[in-house]
Every structure is written in structure tokens, then in C-alpha cells.
Amino acid sequence: MTLIELLNRQTPEEIYTLLRTLAKDLEIQVDPFTTDPTPAAVLIPLVARPEPSILLTKRTDHLSHHAGQISFPGGRMDPSDTDLESCVLRETHEEIGIG
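Below, the structure is looked at part by part. (Residues numbered from 1 in each chain as written. Predicted model: local features only at pLDDT ≥ 70, side-chain atom pairs only at ≥ 80, totals over all residues. Heavy atoms only, no water.)

Take the overall build of the protein next. Regarding its fold elements, the protein presents three helices and six strands. Walking the protein from its N terminus toward its C terminus, one meets helices and strands in the order α-α-β-β-β-β-β-β-α. For the protein, buried positions account for 16% of its 99 residues. With an accessible surface of roughly 7,600 Å², the protein has 58% of that area assigned to carbon and sulfur atoms. (Helix = DSSP H or I, 4+ residues; strand = E, 2+ residues; numbered from the N terminus. Buried < 20%, exposed > 50% of the residue type's maximum accessible area, 1.4 Å probe, protein only. Areas by Shrake-Rupley, 256 points an atom, 1.4 Å probe, with all protein chains shown as cover.)

Attention now moves to the pattern of salt bridges. Taken as a whole and judged by the stated rule, the model has five salt bridges. Residues Asp 61 and Lys 58 are paired through a salt bridge, measuring 3.4 Å at the closest nitrogen-oxygen approach. Residues Asp 61 and Lys 58 agree in their burial class; the two are exposed. Of the charged contacts in the structure, one is a salt bridge between Asp 81 and Arg 90, with a shortest N-O distance of 2.8 Å. In this pair, the class of Asp 81 matches that of Arg 90, namely buried. By sharing partners, the salt bridges in this structure join Asp 78, Asp 81, Arg 90, Glu 91 and Glu 94 into a single network. (Salt bridge = Lys/Arg side-chain N within 4 Å of Asp/Glu carboxyl O.)

Given below as C-alpha cells:
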């Protein structure tokens, strides 16, 4: 079974549980579902290969926040962003050149 087939068989609650498990495995220390949220968006890019995979990025070591962490492309909304979709497309383009 491919990753896409697996996700298509999941309910939103099951996907939420999978993402929380992934966050724990990646040692993400802040639970974004329980803190006061800042408007932001991430893209979970699926790479179409014989065995699909998820594209992750590694933040540069010189950043003042989250330096060296593995992450999904995305980030906080800018005043120029009209919605979360425009935010994630802008951030993804800035970070990895797609979007």
C-alpha cells in the first residue's frame, strides 16, 4: 500500500493522530493544538515515487528560532498574504523554490 492510499483510507481524526505521532518522533516540543496560535501554514509535500515519501527541509543553523530543525516548508503569515494558502505557497517558494 502506498502512502497516498494509506492517507486516503484515514479519517481526519486518524490523520491528526498520525501527525501528532510524527511530531513526537521529530521531537517537536510545542503542541500547536493547545497553545495560543500564530497564523501560519505548512505544506506536506508528497513526492510521487514508486514508494511515495514526504519532503522535509532542514532549517539553517544560523537562524535565531528553530535553527537546525527538520521541518515542513511553510511559516507565519505576512501582511501581504491574503489567506493561509497564499502564505504556504509563498513560504514554500521562498524555502525550496516550488509553489
